[in-house]
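An overview of the molecular structure
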Amino acid sequence: MTRINMFSLIGCLLYLLHFAYATLIMNEIVGPDSVESGSTDELILDCDFEANGEEDVVLKWFYNGMEDQIYQWIALNKNAYAMGSLKDLIDPTYKVSDDPNSMMRALRFKDVDSALSGNYTCKVDTADEVKWLTKQVIVYSPATSFQIFLFGVEDQFQGDEVVLCEATNISPRPDFSLHVSGSNGSLDDLELFNPIREEIPNEDDSYNVSIRISFNSSYLEPGTTKFSCLLSIPGTNYSDTRSMEHFVDYEEEPSPFELLNEEYASFNYPSNFTEESPSEDIENGSNRIASVVLLGCTLMFSLLLTM
């Protein structure tokens, strides 16, 4: 074997050994899945990776896809650079550790508001490999107002009663629902009430939402009906509830005969009325009885006319 062939073989072996021991491992993006706007002064997303034996490590962060690059750090350099649509919100001097191979792999946002909601991709390039991870982060704002109302008969609504649920200035777009529970605990199908839903976006990307139903109490089960409004934001642990109860008691109107009996029951003889009472007391009592009899006849005559 010539000297040249020997060196070539050694070079190939060294390259193979380097390739065998050089590994790039992407562990995870460490950070919250959701955070309330204004609840903290900073948001940190740490791209946890291992580049064992790798050379020319370059880390890049992207926002909502691979076109908007917002951060770059070359491991051989001490400085990182913020760029793209979130440039003014990123702190490029933040160090997650003192390890020169990973110290500037994390993103630190100086202000936390709904503008940071989105998908973040951490991409690591080496001389041999390219790998990446993506994480969704939701920065949400609770509703500034969340209420439930019960209205009576009003011209602008159809039906005898109206239940209205509304929430304002919530971000991002929420899930909003209204549930009706009867006195026996069963849930009624909301669509039977022909719900009217409204969703109005605001200029700051928040939403005003409402649900309204009209109903007649005579169609509800006797007892207590519970109306519950549920508000939540998908992808977060934020949820809230407002509820109210509406009591229905069916009382039948008294019949004419029941009215007559009540009139008889309410009749009181004079306290000094006896067989020897003065004639004027007897006359007053007789007049009262005659009035009651006349009322009874009138009611019976009214019934005959309606039959």
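Bear in mind the structure is a predicted one, so any value in this text is a computation, not a measurement. (Residues numbered from 1 in each chain as written. Predicted model: local features only at pLDDT ≥ 70, side-chain atom pairs only at ≥ 80, totals over all residues. Heavy atoms only, no water.)

Once that is clear, we can look at the overall build of the protein chain. Along the protein chain, the regular secondary structure elements total three helices and 17 strands. Relative to all contacts within the protein chain whose residues are 6 or more apart in sequence, the contacts with residues 24 or more apart total 59%. Accessible surface, the protein chain: about 19000 Å² in total, of which carbon and sulfur atoms supply 52%. (Helix = DSSP H or I, 4+ residues; strand = E, 2+ residues; numbered from the N terminus. Contact = heavy atoms within 4.5 Å. Areas by Shrake-Rupley, 256 points an atom, 1.4 Å probe, with all protein chains shown as cover.)

Scanning all chains against the criterion turns up six aromatic pairs. Judged by centre distance (5.9 Å) and plane angle (25°), the ring pair of F149 and F151 falls under stacked. Judged by its relative accessible area of 26%, F149 falls in the partly exposed class. Counting every residue linked through ring pairs, the aromatic cluster contains Y63, F109 and Y120. (Phe/Tyr/Trp six-rings, centres within 6.5 Å; stacked < 30°, edge-to-face > 60°. Buried < 20%, exposed > 50% of the residue type's maximum accessible area, 1.4 Å probe, protein only.)

Bringing the pattern of salt bridges into the picture now. Side-chain pairing between opposite charges can occur once the charged atoms of the two side chains come close. One pass over the structure, following the stated rule, counts eight salt bridges. With its nearest N and O atoms 3.6 Å apart, the salt bridge here joins R105 to D48. Residue R105 is located in the loop between β6 (80-82) and β7 (106-109), and its partner D48 is located in strand β3 (residues 43-52); the two are separated by 57 residues in the primary sequence. In this structure R105 comes out as buried when scored by relative accessible area, which is 13%. Three or more residues are tied together by salt bridges with common partners; here these are E42, D91 and R108. (Salt bridge = Lys/Arg side-chain N within 4 Å of Asp/Glu carboxyl O.)

Moving on, we get to the nonpolar core. The biggest cluster of nonpolar side chains holds 32 residues, and the ones touching the most others in it are W61, Y71, F109 and Y120. When residues of this core are traced back to their parent elements, those giving at least two are β1 (23-30), β3, β4 (58-63), β5 (69-74), β6, β7, β8 (118-125) and β9 (130-140). Among the elements that line this core, the one with the most residues is β3, at four residues. I138, V163, C165 and I211 belong to the second largest nonpolar core, which has 26 residues in total. (Core = buried A, V, L, I, M, F, W, Y, C linked by side-chain atoms within 4.5 Å.)

A separate point is the sheet that holds strand β15 (residues 207-215). The antiparallel open sheet is built from four strands, whose spatial order is β10-β11-β15-β14. At either end of the open sheet lies a strand with only one pairing partner, and these are β10 (145-151) and β14 (196-201). Each neighbouring strand pair of the sheet contributes to a mean axis angle of 10°, computed without reference to strand direction. Two elements, strand β11 (residues 161-170) and β15, share eight bridges in a ladder whose sense is antiparallel. By the bridge assignment, C165 is partnered in β15 with I211. (Pairing = 2+ DSSP bridges. Axes fitted to C-alpha atoms, helices over the stretch in contact; angles between N-to-C directions.)

Attention shifts here to the layout of surface pockets. Any empty space left between the atoms is revealed when a probe the size of a water molecule rolls over them. The computed volume of the largest pocket comes to approximately 240 Å³. The residue inventory of the lining of the largest pocket, partitioned by class, reads five nonpolar, three polar and five charged. (1 Å grid on protein atoms, 1.4 Å probe; cavity = no way out; pocket = protein on both sides within 12 Å on 5 of 7 lines; lining within 4 Å. Points joined across faces, edges and corners; volume = space filled by probe spheres on them. Nonpolar A, V, L, I, M, F, W, Y, C, P; charged D, E, K, R; others polar.)

Turning next to the pairing of strand β17 (residues 239-248). Relative to β17, strand β16 (residues 223-232) runs antiparallel, the two sharing ten bridges. Looking at β17, one finds that T224 is bridged to F247. The antiparallel hairpin formed by β16 and β17 contains six residues in its connecting segment, where G235 sits at a positive phi of about 85°.

Let us now look at the state of the cysteines. Within this structure, the stated rule accounts for two disulfides. Between the sulfur atoms of C47 and its disulfide mate C122 the distance is 1.8 Å. Since a negative S-S torsion denotes a left-handed disulfide, the C47-C122 link at about -85° is left-handed. Within this pair, whereas C47 is found in strand β3, its partner C122 is found in strand β8, the two being separated by 75 residues in sequence. Residue classification places C47 among the buried residues on the basis of a relative accessible area of 0%. Listing the disulfide partners of the protein chain by sequence rank of the bonded cysteines yields 1-2, 3-4. (Disulfide = S-S within 2.5 Å.)

A few words now on the sheet that holds β8. If you trace the six strands from one edge of the open sheet to the other, you get β2-β9-β8-β4-β5-β6, paired in mixed fashion. Edge positions in the sheet fall to β2 (34-36) and β6, since each of these pairs with one other strand and no more. With direction set aside, neighbouring strand axes in the sheet form an average angle of 20°. Bridge count for β2 against β9 is three bridges, and the pairing is parallel. Across the sheet, E36 pairs through a bridge with Y140, a residue of β9.

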